[in-house]
Amino acid sequence: MKSAHTPAADLFEPGRHGDEDAEPGLIDFSVNVRGGPPDFVRAALTAEIDSLASYPSAAQDLRVRTIVGAAHGRGPDEVLLLAGAAEGFELLTHLRPSHAALIVPSFTEPGRVLSAAAITTSEVRCIAPDWRIDPALVPDDADLVVLGNPTNPTSVLHPRSDVNSLRREGRVVVVDEAFADLTCRLDEGGDVVMEPESVAAQGDDDIIVVRSITKTFGLAGLRAGYLLAAPTMISRLTRTRRHWALGSLAIAAIGVCLDQSGLDFARAEAVKVSAQRAAMCARLAKAGIEIVAEPSAPFVTIAIPGALAVKERLRHKGFAVRSCANFVGLGPDYMRLAVRPEADVAALVAALGETLVE
């Protein structure tokens, strides 16, 4: 991995991720990972260390798949544990689609791995101001459609009906729900509704849902996630997958993050993120900074002319932010900001104000 401080030209590279901006000593708004793992996850991982002399077992895998399935109203045969959500995108190449349509702007990894496998891809753009999906723009011959919900980096949460509108005979729809466990909404009675637009529980043969635990639980270095799909689809995805694709620590982490303690933690984090995001948006708006779309994820994308120069000035002021220069449909005049506590946001917005005056 190259240094976090890279030339502006490198910010346009499709494979560049926000972690490359998170230099030591900077207040990090570039990476969409919450704080370090909570104590109950640390305890579970520590307890697993004594078993590391043994290979991961089929019994452990089944136990955790059962936990994950129960969390989504699915059976264990509809769950595949992953070495990070990125592995799920790699496995899509095993489906050998003839034409993959990518709903953009969005996370760049699916497009990277599909193109590397010589699969024809096309980009279907969501357009300002609402950045919603238009199914009519998806090519009729696309037999694979990939989208994020909520979308990275716009933070738009697409209605479940819009996601389902992409379905066609002979087509597989892949939904990247890496941040779905941090989405919530209040119902008419004021109760919190978790994951209001997720399709994870649908169980349809033509939908694959890819999920991550690393964002919410501060586990990016562990590489752990899972996907939900019909058993026949999982068989197709894994027909040439290596044995022991996940280590014991990753399997244990998925289990504890999807059991009741993990679900309770995610719910509390989602409520916290919602409050922090509202305060952050209010402060940005008051400063006259344009927010690209109504955000629903733990990040907010803003539009600033000359954002690449602003990013560099912010770096010298002690802040790391994520350029959107390499996202199709956005570009160098946009940047993504992770949702952070109010004190850090206040300091960033003040630095932004100073930078824009400069």
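Residues numbered from 1 in each chain as written. Predicted model: local features only at pLDDT ≥ 70, side-chain atom pairs only at ≥ 80, totals over all residues. Heavy atoms only, no water.

The protein appears in an unreviewed UniProt entry as Aminotransferase from Gordonia effusa NBRC 100432. In the Sequence similarities (unreviewed entry) part of its UniProt record, the protein is described as follows: "Belongs to the class-I pyridoxal-phosphate-dependent aminotransferase family." In the Cofactor (unreviewed entry) part of its UniProt record, the protein is described as follows: "pyridoxal 5'-phosphate". (UniProt positions renumbered as here; feature names shortened; annotations may be inferred.)

Pairing is antiparallel in the open sheet, where four strands are placed in the order β11-β12-β15-β14. Edge positions in the sheet fall to β11 (290-291) and β14 (322-323), since each has one partner strand and no second. Bridge count for β11 against strand β12 (residues 299-303) is two bridges, and the pairing is antiparallel. Each residue of the ladder has a partner; that of Glu290, found in β12, is Ala303. Here helix α9 (residues 307-316) sits on the sheet and contacts β14 and β15 (334-338); the angle it forms with β15, its principal contact strand, is near 40°. (Pairing = 2+ DSSP bridges. Helix = DSSP H or I, 4+ residues; strand = E, 2+ residues; numbered from the N terminus. Contact = heavy atoms within 4.5 Å. Axes fitted to C-alpha atoms, helices over the stretch in contact; angles between N-to-C directions.)

Moving on to the layout of surface pockets. Taken as a whole, the second largest pocket holds about 350 Å³ of empty space. Asp61, Arg241, His243, Trp244 and Ala245 are, among the 15 residues lining the second largest pocket, the residues nearest its centre. Elements supplying a minimum of two residues to the lining of the second largest pocket: α2 (58-71) and β2 (79-82). If you tally residues by element for the lining of the second largest pocket, the top one is α2, at three residues. Partitioning the lining of the second largest pocket into residue classes produces eight nonpolar, three polar and four charged. (1 Å grid on protein atoms, 1.4 Å probe; cavity = no way out; pocket = protein on both sides within 12 Å on 5 of 7 lines; lining within 4 Å. Points joined across faces, edges and corners; volume = space filled by probe spheres on them. Nonpolar A, V, L, I, M, F, W, Y, C, P; charged D, E, K, R; others polar.)

What follows concerns the sheet that holds strand β9 (residues 207-212). Within a sheet, adjacent strands bond to each other through the backbone by hydrogen bonds, running parallel or antiparallel. Strand order in this open sheet of seven strands is β2-β10-β9-β6-β5-β3-β4, and the pairing throughout is mixed. Strands with a single pairing partner mark the edges of an open sheet, and in this sheet they are β2 and β4 (121-125). Adjacent strand axes in the sheet meet at a mean angle of 20° when their direction is disregarded. Examined bridge by bridge, strand β3 (residues 100-104) and strand β5 (residues 144-148) share three bridges and lie parallel to one another. When the sheet's bridge partners are listed, Ala100 is paired in β5 with Leu144.

One pass over the structure, following the stated rule, counts 16 salt bridges. With its nearest N and O atoms 2.7 Å apart, the salt bridge here joins Glu197 to Arg185. Taken together, the residues Glu197 in the loop between β8 (192-194) and β9 and Arg185 in strand β7 (residues 184-186) connect sequence positions 12 residues apart. When its relative accessible area of 13% is taken as the criterion, Glu197 is described as buried. (Salt bridge = Lys/Arg side-chain N within 4 Å of Asp/Glu carboxyl O. Buried < 20%, exposed > 50% of the residue type's maximum accessible area, 1.4 Å probe, protein only.)

For Glu177, the position within the fold is in the loop between β6 (172-176) and β7. Separated by 2.8 Å, the side chains of Glu177 and Ser198 make a polar contact. When residues no more than four places from it in sequence are discounted, the contact partners of Glu177 are Asn149, Ser198, Val199, Ala200, Val209, Val210 and Arg211. (Polar contact = N/O pair within 3.5 Å; in protein donor to acceptor, adjacent residues only side chain to side chain.)

Here the focus is the environment of Asp205. With respect to the helices and strands, the residue Asp205 is situated in the loop between β8 and β9. Spatially, the C-alpha atom of Asp205 lies 39 Å from that of Pro332, the residues being 127 residues apart in sequence. The residues touching Asp205, leaving out its near neighbours within four places in the chain, are Ala230 and Met233.

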